[in-house]
There are 2 protein chains.
Amino acid sequence: MTTTGMTETSAEAAHPAPVRTVDALADSIRAAGLKVTAPRLAVLRALADAPHSTADRLFTDVRTELPGTSLQAVYGVLAAFTAGGLARKIEPSGSAALFERRVGDNHHHIVCTRCGTVRDVDCAVGEAPCLTPDDAAGFAVRAAEVTYWGLCPACQVELATTLTGPPLLSNKGAR
Amino acid sequence: MTTTGMTETSAEAAHPAPVRTVDALADSIRAAGLKVTAPRLAVLRALADAPHSTADRLFTDVRTELPGTSLQAVYGVLAAFTAGGLARKIEPSGSAALFERRVGDNHHHIVCTRCGTVRDVDCAVGEAPCLTPDDAAGFAVRAAEVTYWGLCPACQVELATTLTGPPLLSNKGAR
DNA sequence: CCGTTGTTTTGAGTTATTCAAAACACGCAC
DNA sequence: GTGCGTGTTTTGAATAACTCAAAACAACGG
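Procedures and definitions
- Residues numbered from 1 in each chain as written.
- Chains lettered and ligands numbered in written order.
- Predicted model: local features only at pLDDT ≥ 70, side-chain atom pairs only at ≥ 80, totals over all residues.
- Heavy atoms only, no water.
- Pairing = 2+ DSSP bridges.
- Helix = DSSP H or I, 4+ residues; strand = E, 2+ residues; numbered from the N terminus.
- Axes fitted to C-alpha atoms, helices over the stretch in contact; angles between N-to-C directions.
- Salt bridge = Lys/Arg side-chain N within 4 Å of Asp/Glu carboxyl O.
- Buried < 20%, exposed > 50% of the residue type's maximum accessible area, 1.4 Å probe, protein only.
- Domains from an automatic or database assignment.
- Contact = heavy atoms within 4.5 Å.
- Buried area = accessible area lost by both parts, 1.4 Å probe.
- Polar contact = N/O pair within 3.5 Å; in protein donor to acceptor, adjacent residues only side chain to side chain.
- Arc of directions from axis to C-beta.
- Near = heavy atom within 4 Å.

Spatial strand order, S5(A)-S4(A)-S6(A)-S6(B)-S4(B)-S5(B): 6 strands in an open sheet with mixed pairing. Strands with a single pairing partner mark the edges of an open sheet, and in this sheet they are strand S5 (118-122) of chain A together with strand S5 (118-122) of chain B. The mean angle between the axes of side-by-side strands here comes to 30°, regardless of whether they run parallel or antiparallel. Pairing geometry for strand S6 (residues 140-151) of chain A and strand S6 (residues 140-151) of chain B, over 11 bridges, is antiparallel.

In structure tokens, the structure reads:
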């Protein structure tokens, strides 16, 4: 655990309400051309509950409902999901990879520099956003990824009140 | 070296011509409030020669002119440079951290999904670019970082001619 | 129900990076 | 110029986050 918890606490409804019933989850897994298995269902549900989670966090979550699961299984499931378009992998600088159920929309992320919390941010520029740099140096651009860095509301408050300014970035498991 | 050569071959003049004379390099190090040492000079010069290099690549480069240098020293130097505003660290998904001499301007990067080459891209939207998302979810935004993904000119050619397609370097968000 | 093929477990390896203690050296004071 | 204090670098080792591979296992089409 190099950096922070980089996860969401709980009630973190994504814009499109995430599917949670077992059969709905199973359906989306099947729809991605994958076999439906217990670990996959568990990971997908954990992902619905806590977007922007690390593999490790998902592993812990999954273990509570499916104790026999291995970490490698979680990595495998996430790789399959990512390849199948069921999930998206993001890798903010300084943190382990985070996963979220992919919405197909192209949204971006804002990361708190202090506590590591991640939130979704809709693309300001509409559909294909910053997708066209002025000079792409001859590259055929396929995708653009924007990461915003800043202070989350909670950390703003903490910094404002706590004039005794100690922490700043890389605080431990402050969930 | 998990991925590819994530570096620049050679003649890769950054927009503002990089400083290369020993005393100029020394000056900028001093200006950052750091002691001038041989490893630091070597790393800074290597960085001028090959922007977007990994610590390991810089280590190799530095070794040719300063054989006694340790990898940890390079990491230390880069950390000091980054903290002192002499260099910038970028971490494209799937690759080790890359370093470049920071220009203070806010430019972004385009990464080839096939060979890993990185180029600078000026911000299309002017000074403070995509810095203001519509809804920042209450975050105090401090910075925005854009990463473009696509095919570099060379790889476009290779893919076009080599119809025998054994391509693709663990392709990222190619959607 | 059965076999095939895709998954998961088990066990081990790798890479990029960080930590810590001791040797060293830059550059200011004298 | 020389000595010294503090910042650097070397040396040595540890860690986090993944990845690889072989064997056990289980979905699901027939």
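Quick look at the pairing of S6 of chain A now. The pairing of strand S4 (residues 107-112) of chain A with S6 of chain A spans 4 bridges and is parallel. Pairing of Ile110 of chain A across the sheet is with Tyr148 of chain A, part of S6 of chain A.

We now examine the pattern of salt bridges. Residue and element names in this part refer to chain A. All told, the structure shown has 10 salt bridges over all chains when counted by the stated rule. Between Arg88 and Glu100 there is a salt bridge, with its nearest N and O atoms 3.5 Å apart. Note that Arg88 is positioned in strand S2 (residues 87-90) and Glu100 in strand S3 (residues 98-101), a separation of 12 residues in sequence. For Arg88, a relative accessible area of 23% gives the class partly exposed. You can call Glu100 buried: its relative accessible area is 3%.

All names here are of chain A. Assigned domains within chain A: domain 1 (22-100) and domain 2 (105-161). Spacing between the C-alpha centres of domain 1 and domain 2 amounts to 23 Å. In this complex, domain 1 contributes 7 residues to the contact, which on the side of domain 2 involves 7 residues. Of the roughly 580 Å² buried between domain 1 and domain 2 on both sides combined, carbon and sulfur atoms contribute 58%. One can count 0 salt bridges joining domain 1 with domain 2. Linking domain 1 to domain 2 there are 5 residue pairs in polar contact (both at pLDDT 80 or more).

With that settled, consider helix H1 (residues 22-31) of chain B. Residue and element names in this part refer to chain B. By the burial criterion, the buried members of H1 are Leu25, Ala26, Ser28 and Ile29. Within H1, the buried residues cover an arc of 165° as seen down the axis, which keeps them to one side. Exposed and oriented more than 90 degrees from the buried face of H1 are Asp23 and Ala31. Phi for Gly33, located one or two positions after H1, is positive at around 80°.

Within the structure, DNA strand D sits among 20 residues, and Tyr75 of chain A together with Thr37, Arg40, Ser70 and Ala73 of chain B are positioned closest to it. In DNA strand D, atoms within 4 Å of the protein come 71% from sugar and phosphate. Taking Lys35 of chain B, its side chain carries an N or O atom lying 3.4 Å from a sugar or linking oxygen of DNA strand D. Arg40 of chain B is positioned such that a nitrogen or oxygen atom in its side chain is 2.8 Å from a sugar or linking oxygen of DNA strand D. Looking at the surface near DNA strand D, the elements that each hand over two or more residues are helix H4 (71-84) of chain A together with helix H2 (38-49) and helix H4 (71-84) of chain B. The greatest single-element share of the surface near DNA strand D, amounting to 3 residues, is contributed by H4 of chain B.

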